[in-house]
Amino acid sequence: KLTFSAVFDINNNSEIVNTWFGKTIIHSDYRLTYMQAQEIIDGEKHDVLDKPILKLNSIAEIIRKRRLEKGALNIESEELSFIIDEKGLPSGVKIKISRKANKLIEEFMLLANKNVAKYLGKATKQKQITPSIYRIHDNPSEEKISELRIILEQFGYYIKTEKNKPISYSLNVVMQKAKENKELHIIGPLVIRSMSKAKYSQENTGHYGLSFDYYTHFTSPIRRYADLLVHRILLGALEGKKPAVASYEKICQYISTMEKRAVEAERASNKMLQVLYLQDKIGEVFKGKITGVADWGIFVEIEENKCEGLIRLNTLKDDYYHHDPETYKIIGNKNKKEYHLGQQVLIEVLAVNLAKRQIDFLMIQEDS
């Protein structure tokens, strides 16, 4: 297969001794799934593949540890996916968990992305900076962190700042506790939403979340146009050609917009599958956890299948309830009963609307 490679010589301390970029041809002797690689990491014998996989994993773990110590966010995603039956309808739910094999690949992709960006964006005696496309991520605002602090406290998590440690260190502690409590799929997105949005730009300002001074997207040209452009820019720089254009800023704005649309489409697709999954479960009762509150209702995620729906405030008949935005609570005017983030409740599936991708719940009672 024709490829564009980032080749690194790495010593026993997982330090880069030499770097080379260029067009290559590869022939794959083995095609492993993540699960097969994970089995080797876990100690199962696969003979010829054991040594290289274990060595790569050892290097990746050291690189990852250094990156986190430098202040990178340790965001582990738990992706929700649906089991689809022969009719194309969701019949079950499963959560994809990132394992060591996934992290192995992730670290070497980050290594390639970072060093390509550094090669293009850092001037040396031999070459000038090449106009390019960077993946940038600004520091979070104090206001956003303050809001996150209040929200997390509703779930029983506290951001405890450590002396001489960045705020990312404290957030990593919170997410590790959430992982242990099997709440990472709720807490992780809350932390991500408190961050600035990563985007593409010709002006390099670094990547806060990864704690990189230089970062771009180079490793997924079959899925992202940004990576294909970076391949072309890098090839031109290696061949000593002048940049094709002086500015990529309009392209950066365009691909950032397209990325946002893709994320929105993915969320809409997941919501549609949730609606389809619950459409034959009207009237059934489930345990859930409150994941959000608003002026019009309470958002609840079902523990069993991770489907999220809305309890409208006008369906709470025991009192007139209002939303307190400062404490992120729903409070009864007379009885002062409170509903807060992270609280366990019992709900009944009231209705679903496929056209609007909406799920409505009824509150049954608090689950003590």
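These lines cover the structure that appears in this document, whether it is placed above or below. (Residues numbered from 1 in each chain as written. Predicted model: local features only at pLDDT ≥ 70, side-chain atom pairs only at ≥ 80, totals over all residues. Heavy atoms only, no water.)

## Here's the deal with helix α7 (residues 225-238)
And then number 1: Here α7 is 14 residues long and its end C-alpha atoms lie 20 Å apart, about the 20 Å a rise of 1.5 Å per residue gives.
And then number 2: Within the span of α7, buried status applies to A226, D227, L229, V230, H231, I233, L234, G236 and A237.
And then number 3: Buried residues in α7 make contact with β1 (2-10), β2 (16-25), α3 (100-121), β6 (199-201) and α8 (249-278).
And then number 4: Positive backbone phi, approximately 75°, marks G240, located one or two places after α7. (Helix = DSSP H or I, 4+ residues; strand = E, 2+ residues; numbered from the N terminus. Expected span 1.5 Å × (residues − 1). Buried < 20%, exposed > 50% of the residue type's maximum accessible area, 1.4 Å probe, protein only. Contact = heavy atoms within 4.5 Å.)

## Topic: unusual backbone geometry
And then number 1: The phi dihedral of S211 is positive, around 60°, even though this residue is not glycine.
And then number 2: You can see S211 is positioned in the loop between β6 and α7.
And then number 3: We note that Y328 has phi near 55°; this positive angle belongs to a residue other than glycine.
And then number 4: Inspection of the secondary structure assignment puts Y328 in the loop between β10 (321-324) and β11 (329-332).
And then number 5: According to the relative accessible area criterion, Y328 is buried, its value standing at 19%.

## A closer look at the nonpolar core
And then number 1: Grouped together as the largest cluster of nonpolar side chains are 46 residues, with contacts concentrated most on I187, I298, Y339, I347 and F361.
And then number 2: Elements that contribute at least two residues to this core include exactly α4 (142-154), α5 (167-180), α6 (184-194), α8, β7 (285-294), β8 (297-302), β13 (344-353) and β14 (358-366).
And then number 3: One finds F4, L111, V116 and I133 within the second-largest nonpolar core, a separate group that totals 19 residues. (Core = buried A, V, L, I, M, F, W, Y, C linked by side-chain atoms within 4.5 Å.)

## Here's the deal with the environment of I311
And then number 1: One can find I311 in strand β9 (residues 308-312).
And then number 2: Sequence-wise, I311 and V352 are 41 residues apart; in three dimensions their C-alpha atoms are separated by 12 Å.
And then number 3: The contact partners of I311, leaving out residues within four places of it in the chain, are W296, G297, I298, V300, L316, I347, F361, L362 and M363.

## Some thoughts on the sheet that holds strand β12 (residues 338-340)
And then number 1: A sheet is described by the order of its strands in space; here three strands give the open sequence β10-β11-β12, paired in antiparallel fashion. The open sheet terminates on both sides in strands that have one partner only, identified here as β10 and β12. Sheet twist, expressed as the average angle between the axes of neighbouring strands with direction ignored, equals 20°.
And then number 2: Relative to β12, β11 runs antiparallel, the two being bridged by three bridges. Of the residues in β12, the one forming a bridge with I330 is Y339. (Pairing = 2+ DSSP bridges. Axes fitted to C-alpha atoms, helices over the stretch in contact; angles between N-to-C directions.)

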